[in-house]
Amino acid sequence: MDIEDLAERILSGERRALARGITLVESGRADHRAMARDLIERLRCAGREAMRIGLSGTPGVGKSTFIESFGMMLVAQGLRVAVLAVDPSSARSGGSILGDKTRMERLSRHPGAFIRPSPSQTHLGGVARRTREAIDLCEAAGYDVVLIETVGVGQSETVVAEMSDLFMLLLAPAGGDELQGVKRGIMETADMILVNKADGDLKSAATRTCADYAGALRLLRKRAQDPEGFPKALTVSAALENGLDSAWAEMRALQAWRRENGHFARRRAEQARFWFEAEVREGLLARLRREPVKGAMAALAARVEAGEITAAAAADELLATYLGESLPA
Ligand SMILES: Nc1nc2c(ncn2[C@@H]2O[C@H](COP(=O)(O)OP(=O)(O)OP(=O)(O)O)[C@@H](O)[C@H]2O)c(=O)[nH]1
Ligand SMILES: [Mg+2]
């Protein structure tokens, strides 16, 4: 594979080249990894930048419908939109976005949009790296907005928040007065809350829910990266395409303020650091799962089980043998 040629074709906006590039970064093969790193390095030099918008929400809240409507609004304005997904639960029928391609029918047919189904990887670390690198590729290919969808389960929200410039939480209108058990940690990472389905019978419930969340957001500790009045809660109807323009205006206002005040660059720098540290941890763990450490670990584990050596002493011995000189204790 000619990486220089592939890089050039991605930079010129060729969709098939972008798709091939993403396939390459998804591969776990060692020679593919080396080519993927080379590719990303070449593309970085172009210095292109998209607005990265993360979108999270429980199943059925309307994420796909929102992306279809919101994406269509953006492409109608002449913007190019890429859609990626982080879906660790490949047990769900082939990953959410696969079925979604049919749901995002209008958007997937639009020449200004690029939709990439989630690969079926169960390992969140692998999905995270693949998605980050796919974002880099989409940016280099000249997409103005990259939407990253995740269903709000487990760690996937954190993963998406750590690769987004703006992190949106999509919520449904609540029936009673409870705040749907949204975890505080997720509320704290949200840059905006969008209460979807504000239409028909659900409209007044959506308005009430939105007011509740706006109140809850005001109670959170003020963050340096937010101007006055943020994070906001808004109502939208993805189905009727209501409120999408206001949501977009708020996103742009927030993004512009953060750029002017240095928060945009700082966030990206902090994210780069976060992923570097995550990669180091992943890399160390991966080595534990490979020979020769794997066998040595099994042998020591047997001795621990037999009571010949304590767990702590055995761990020390293993780490000293394999990391001792390079990483002193
Ligand atoms: N009334 C109303 N229904 C909506 C709206 N948006 C989505 N829905 C409906 O809610 C259901 C779920 O929508 P999806 O877009 O598939 O939700 P999702 O969050 O992508 O769901 P998963 O991919 O399963 O996590 C569908 O039946 C939609 O038609 C809306 O704005 N108003
Ligand atoms: Mg969906």
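Small disclaimer: the values here were computed from a predicted structure and weren't measured.

Cut-offs used in this document
- Residues numbered from 1 in each chain as written.
- Chains lettered and ligands numbered in written order.
- Predicted model: local features only at pLDDT ≥ 70, side-chain atom pairs only at ≥ 80, totals over all residues.
- Heavy atoms only, no water.
- Core = buried A, V, L, I, M, F, W, Y, C linked by side-chain atoms within 4.5 Å.
- Buried < 20%, exposed > 50% of the residue type's maximum accessible area, 1.4 Å probe, protein only.
- Helix = DSSP H or I, 4+ residues; strand = E, 2+ residues; numbered from the N terminus.
- Contact = heavy atoms within 4.5 Å.
- Phe/Tyr/Trp six-rings, centres within 6.5 Å; stacked < 30°, edge-to-face > 60°.
- Lys NZ or Arg CZ within 6 Å of the ring centre and 35° of its normal.
- Arc of directions from axis to C-beta.
- Polar contact = N/O pair within 3.5 Å; in protein donor to acceptor, adjacent residues only side chain to side chain.
- Axes fitted to C-alpha atoms, helices over the stretch in contact; angles between N-to-C directions.
- Parallel < 35°, antiparallel > 145°, perpendicular 65-115°, else oblique.
- Left-handed = near helix turned anticlockwise from the far one by under 90°.
- Nonpolar A, V, L, I, M, F, W, Y, C, P; charged D, E, K, R; others polar.
- pLDDT = per-residue confidence, 0-100.

**Notes on the nonpolar core**
Here comes step 1: Formed by 37 residues in total, the largest nonpolar core has its most connected members in I10, L18, I22, L39, L137, C138 and V146.
Here comes step 2: For this core, the secondary structure elements donating two or more residues are α1 (3-11), α2 (15-26), α3 (30-44), β2 (81-86), α7 (124-140), β4 (145-151), α8 (156-161) and α12 (263-288).
Here comes step 3: Here this core takes 7 residues from α7, the largest share from any one element.
Here comes step 4: Here V146 is in contact with A50, M51, R52, I53, A82, L84, I135 and C138, once residues within four sequence places are set aside.
Here comes step 5: Counting residues in each nonpolar core, the second largest holds 33 residues, with V61, V83, M168 and M192 among its members.

**Re the packing of aromatic side chains**
Here a ring pair, both rings aromatic, is described through the centre-centre distance and the interplanar angle of the planes.
Here comes step 1: Following the criterion strictly, the structure yields 4 aromatic pairs and no others.
Here comes step 2: Here F66 and F70 contribute two aromatic rings whose centre-to-centre distance is 5.0 Å and whose plane-to-plane angle is 15°, an arrangement assigned as stacked. Note that F66 and F70 are positioned in helix α4 (residues 63-76) at a spacing of 4 residues, about one turn of the helix.
Here comes step 3: In this structure F66 comes out as buried when scored by relative accessible area, which is 1%.
Here comes step 4: The class of F70 is buried, set by a relative accessible area of 0%.
Here comes step 5: Here F70 and W248 contribute two aromatic rings whose centre-to-centre distance is 5.9 Å and whose plane-to-plane angle is 80°, an arrangement assigned as edge-to-face. Of this pair, F70 sits in helix α4 while W248 is found in helix α11 (residues 244-260), placing the two residues 178 residues apart along the sequence. Here F70 and W248 have matching classes, each one buried.
Here comes step 6: Three or more aromatic residues link up through ring pairs in this structure, and these residues are F66, F70 and W248.
Here comes step 7: Over the aromatic face of F230 sits the side chain of K232, whose NZ or CZ is 4.7 Å from the ring centroid.

**Digging into the pairing of β4**
Look at any regular strand and the pattern is simple: side chains alternate between the two faces of the sheet.
Here comes step 1: By the criterion of burial, β4 is predominantly enclosed, with 7 of the 7 residues buried.
Here comes step 2: On β4, burial covers both faces: V145, L147, E149 and V151 on one face and V146, I148 and T150 on the other are all buried.

**What about α1?**
An α-helix turns once per 3.6 residues; consequently, residues spaced three or four apart project the same way.
Here comes step 1: I3, L6, A7 and I10 are the residues of α1 that are buried. All buried residues of α1 lie within an arc of 100° about the axis, which places them on one face of the element.
Here comes step 2: Looking at where α1 begins, the residue whose side-chain oxygen comes 3.1 Å from the main-chain nitrogen of E4 is D2.
Here comes step 3: Positive backbone phi, approximately 90°, marks G13, located one or two places after α1.

**Describing the packing of α2 against α3**
Here comes step 1: As a packed pair, α2 and α3 sit with axes 8 Å apart at the nearest point and diverge in direction by 130°. As judged from the angle between their axes, α2 and α3 are oblique. Judged by the twist between their axes, the crossing of α2 over α3 is left-handed. For the pair α2 and α3, the contacting residues are G21, L24 and V25 in the first and H32, R33, M35, A36, L39 and I40 in the second.
Here comes step 2: Along the lines of polarity and charge, the residues of the contact of α2 with α3 split into 6 nonpolar, 2 polar and 1 charged.

**Comments concerning the environment of G78**
Here comes step 1: Here G78 lies in the loop between α4 and β2.
Here comes step 2: Between the C-alpha atom of G78 and that of G112, which follows or precedes it by 34 residues, the distance is 7.7 Å.

**A short note on the confidence of the model for the protein**
Here comes step 1: Per-residue confidence for the protein gives a mean pLDDT of 89, with 89% of residues at or over 70.
Here comes step 2: Below a pLDDT of 50 lies the segment residues 90-95, which in the model reaches 7 contacts outside its immediate sequence neighbourhood of four places, other chains included.

**Description of the packing of helix α13 (residues 293-305) against helix α14 (residues 311-323)**
Here comes step 1: Relative orientation of the contacting elements α13 and α14 amounts to 160°, with a least axis distance of 10 Å. Taken together, α13 and α14 sit at an angle that is classed as roughly antiparallel. Taken as a pair, α13 and α14 cross one another with a handedness that is right-handed. Note on element contacts: α14 touches α13 through A311, A314, E317, L318 and Y322, opposite V293, A296, M297, L300, R303 and V304.
Here comes step 2: Here the residues of the contact of α13 with α14 are counted per class, giving 9 nonpolar, no polar and 2 charged.

**A word on unusual backbone geometry**
Here comes step 1: That bond from F230 to P231 is cis: its omega, -5°, falls within 30 degrees of zero.
Here comes step 2: Along the chain, P231 turns up in the loop between α10 (203-219) and β7 (232-235).
Here comes step 3: That bond from E291 to P292 is cis: its omega, 10°, falls within 30 degrees of zero.
Here comes step 4: Within the fold, P292 resides in the loop between α12 and α13.
Here comes step 5: If you check the backbone angles, K197 has positive phi at about 70° while not being a glycine.
Here comes step 6: Within the chain, E241 stands out as a residue other than glycine whose phi angle is a positive 60°.

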